[in-house]
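An overview of the molecular structure
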Amino acid sequence: MAMENGKADRRLVVSFGEMLIDFVPTVAGVSLAESPGFVKAPGGAPANVAIAVSRLGGRSAFVGKLGDDEFGRMLAGILRDNGVVDAGVTFDSGARTALAFVTLRADGEREFMFYRNPSADMLLTEAELNLDLLRRAAVFHYGSISLIAEPCRSAHLRAMEVAKEAGALLSYDPNLRLPLWPSPAKAKEQIMSIWDQADIIKVSDVELEFLTGEASVEDEVAMKLWRPTLKLLLVTIGEKGCKYYTKDFRGTVGSFVVKQVDTTGAGDAFVGALLRKIVEDQSALQVS
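All residue numbers refer to positions counted from 1 along the written sequence of the respective chain. Thresholds applied to this predicted model are a pLDDT of at least 70 for local features of residues and 80 or more for the giving and counting of side-chain atom pairs; totals over whole chains, interfaces and linings are not thresholded and use all residues. Side-chain calculation: all heavy atoms of the structure are included, whereas hydrogens and water are not.

For the protein chain, an unreviewed UniProt entry supplies the name fructokinase and the organism Cocos nucifera. You can read under Sequence similarities (unreviewed entry) in the UniProt record for the protein chain the words "Belongs to the carbohydrate kinase PfkB family." The UniProt entry for the protein chain carries the following comment under Pathway (unreviewed entry): "Glycan biosynthesis; starch biosynthesis." UniProt positions are given in the numbering used here, feature names are shortened, and annotations may be inferred rather than shown by experiment.

Structure representation (structure tokens):
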């Protein structure tokens, strides 16, 4: 059981990984090259999850590395302004905060261009981890981008180990970003390398197809990703909602009908809401 100052801390969600600046076009429905200008916005899936948990009234912390530059300091301030504990944030004076240009093309597909060569988030080391914070986590959440390069990969694996040993549930959203990986094969290999350690995994329909090789969201395909060690597997299917699988039951939950403007960050908001609820009530993980 996670502890805080000698007392059980059952509701803290600690999110690990990248936080960066997204540059979003001032005009929708065009390619990056066609955009006349961009505005900056905070981004990075694990940081988005931490802020979502906090905005929904939960308790969250972020663990990661930012550049010791204006963007990095700005992002740290955004975490604090949103009530996210930043005791796990470190700064690198020799590397910049990561940047990503992201746009929604006219065909509805997102387009990304990343500047990380290397960025500060990739340089987090095991020695820089705030172990006390990790041991307080009720849920430890992470993605796969932090597995791409050393030394961050080793820091990621160590953080998982520390949180798990202290009693945290491990939550994994691969958040596939193929342009960041050396090859699709390497991406699949590394994403699956930590699969069996998670308690909760969320994938999108696109990630399900990538990881299984089958263009289907039918139960038999989703169950190829099931492991006996899992407590909950979720497959999000866009406007159709999501499918869920546990050891004892499975089902589908429909989505709210809204006018879709931009899906960027929608999966992170979903995961944040899920974890916010689970730390309060774990009945979703078991038979009632």
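The next point concerns the pairing of strand β6 (residues 59–67). Summary of the burial criterion: residues with accessible area below 20% of their type's maximum are buried, those above 50% are exposed, and those between are partly exposed, where the area comes from a 1.4 Å probe applied to protein chains only. A run of DSSP states H or I qualifies as a helix once it reaches four residues; a run of E qualifies as a strand once it reaches two. Both are numbered from the N-terminal end. Buried residues dominate β6, accounting for eight of its nine residues. Two strands make a pair as long as DSSP finds a minimum of two bridges between them. Both β6 and strand β7 (residues 85–92) contribute to a ladder of six bridges, which runs parallel. Within β7, the residue paired with Leu66 across the bridge is Phe91. Crossovers are described as right-handed under a simple rule: with the strands pointing away from the observer, the path leading from the first strand over the helix to the second runs clockwise. Traced from β6 through helix α2 (residues 70–81) to β7, the parallel crossover comes out right-handed.

Given a helix with a known number of residues, its expected span is that number minus one, times 1.5 Å. A rise of 1.5 Å per residue sets the reference length of α2, with its twelve residues, at 16 Å; its end C-alpha atoms lie 16 Å apart and thus fit the reference within 8%. For α2, every residue scored as buried is listed here: Gly72, Leu75, Ala76, Gly77, Ile78 and Leu79.

This part takes up the nonpolar core. Nine residue types can take part in a nonpolar core, namely buried Ala, Val, Leu, Ile, Met, Phe, Trp, Tyr and Cys, and a core is a set of them joined through side-chain atoms within 4.5 Å. By size, the foremost hydrophobic cluster in this structure holds 42 residues, and its most contacted members are Val14, Phe16, Phe140, Tyr142 and Tyr172. Residue contributions to this core peak at six residues, all from helix α4 (residues 152–165). Those residues in contact with Tyr142, other than ones at most four positions away along the chain, are Phe16, His156, Met160, Leu170, Ser171, Tyr172, Asp173, Ile194 and Ala198. Residues are treated as being in contact if the distance between any of their heavy atoms lies within 4.5 Å.

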